[in-house]
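This is what each chain is made of:
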Amino acid sequence: NLSIDISAQMNHPTMRVALASYALHRMTMALDGTPTIIVLDEGFAMLNNPLFGPRVAGWLEYIHSKNAMLLIGTSDIEAALETGIVPNVMAHISHRFVFSDHTPNPAYMSHFGLSEEAFSILHEFGGTGRMVLHMDHQEALQLYQTHIQMGDELHRLLAGKAKPVPKKSGSD
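Residues numbered from 1 in each chain as written. Predicted model: local features only at pLDDT ≥ 70, side-chain atom pairs only at ≥ 80, totals over all residues. Heavy atoms only, no water.

Things to note about the nonpolar core
Formed by 40 residues in total, the largest nonpolar core has its most connected members in Leu 47 and Trp 59. When neighbours within four sequence positions are excluded, Trp 59 is seen to be in contact with Leu 24, Thr 28, Ile 38, Leu 47, Phe 52 and Leu 70. (Core = buried A, V, L, I, M, F, W, Y, C linked by side-chain atoms within 4.5 Å. Buried < 20%, exposed > 50% of the residue type's maximum accessible area, 1.4 Å probe, protein only. Contact = heavy atoms within 4.5 Å.)

Digging into the pairing of strand β4 (residues 131-136)
Of all six residues in β4, six are buried, a share of seventy percent or more. Summarising the sheet, strand β3 (residues 95-99) and β4 pair through five bridges and their orientation is antiparallel. Each bridged residue has a counterpart across the sheet, and for Arg 96 the counterpart in β4 is Met 135. (Helix = DSSP H or I, 4+ residues; strand = E, 2+ residues; numbered from the N terminus. Pairing = 2+ DSSP bridges.)

Here's the deal with the environment of Gly 43
Along the chain, Gly 43 turns up in helix α2 (residues 43-47). In this structure Gly 43 comes out as buried when scored by relative accessible area, which is 0%. Each residue touching Gly 43, except ones within four places of it in the same chain, is listed here: Ile 72 and Gly 73.

Regarding unusual backbone geometry
Its identity as a non-glycine residue notwithstanding, Glu 42 has a phi of 55 degrees, on the positive side. Checked against the element boundaries, Glu 42 lands in the loop between β1 (36-41) and α2. Residues other than glycine seldom take positive phi values, yet Asn 67 does so here, at roughly 65 degrees. Among the secondary structure elements, Asn 67 is positioned in the loop between α3 (56-65) and β2 (68-73). According to the relative accessible area criterion, Asn 67 is partly exposed, its value standing at 41%.

Some remarks on the environment of Leu 47
Within the secondary structure layout, Leu 47 lies in helix α2. Among the residues examined, Leu 47 registers a relative accessible area of 0% and is labelled buried. Spatially, the C-alpha atom of Leu 47 lies 8.0 Å from that of Ile 85, the residues being 38 residues apart in sequence.

Quick word on α3
Residues of α3 that are buried: Val 56, Ala 57, Trp 59, Leu 60 and Ile 63. Summarising the axial view, the buried residues of α3 lie within an arc of 165 degrees, below the 170-degree limit, and thus occupy one face. Away from its buried face, by an angle of more than 90 degrees, α3 presents the exposed residues Glu 61 and Ser 65. For α3, the elements touching its buried residues are α1 (13-30), β1, α2, β2 and α5 (86-90). (Arc of directions from axis to C-beta.)

Some points on helix α7 (residues 116-124)
Of the residues making up α7, those classed as buried are Ala 118, Phe 119, Ile 121 and Leu 122. Axial view of α7: buried residues confined to an arc of 160 degrees, hence all on one face.

Quick notes on the packing of aromatic side chains
Inspection of every chain in the model, using the stated rule, returns two aromatic pairs. Measuring from ring centre to ring centre gives 5.2 Å for Phe 52 and Trp 59, while their planes differ by 75 degrees; the resulting arrangement is edge-to-face. Here Trp 59 falls in the buried class, since its relative accessible area comes to 6%. (Phe/Tyr/Trp six-rings, centres within 6.5 Å; stacked < 30°, edge-to-face > 60°.)

Remember that the coordinates give geometry; whether it matters functionally is a separate question.
What follows is the structure, given as structure tokens:
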């Protein structure tokens, strides 16, 4: 297990480029075909740098070929959009997990590929706790209620073993 926390340096552009490039390089070199999950919190900021950003599409294909998956998290949709790499990333992902939101940003539809149905679900469940909307490459929707801070629950969710929440009547 490898964990690198560079959050304190992410507001310093020069340090961010150097540290993010180094961390991404080290993670890439460690991939040996063993099933691997790479988690990048505020990952759009990490991937958006002059050394790595132009190669993000190729990198995503490479990590997939090495039996790895990437989880990119962001709490700032606007900042992610400003990076300019969202289209490259979205073209190479097969699943989206989106947390419920009191005021979901329309960019979820225009830039992150959520359907109107998925967007309305985000809004509908915005105040009901830790709801996670899962949308796969075939646009199938599943809604999960989870306590994401619990490691075991996160693993069940990622493994597809979390229990789906039944649809509310009249939401078909």
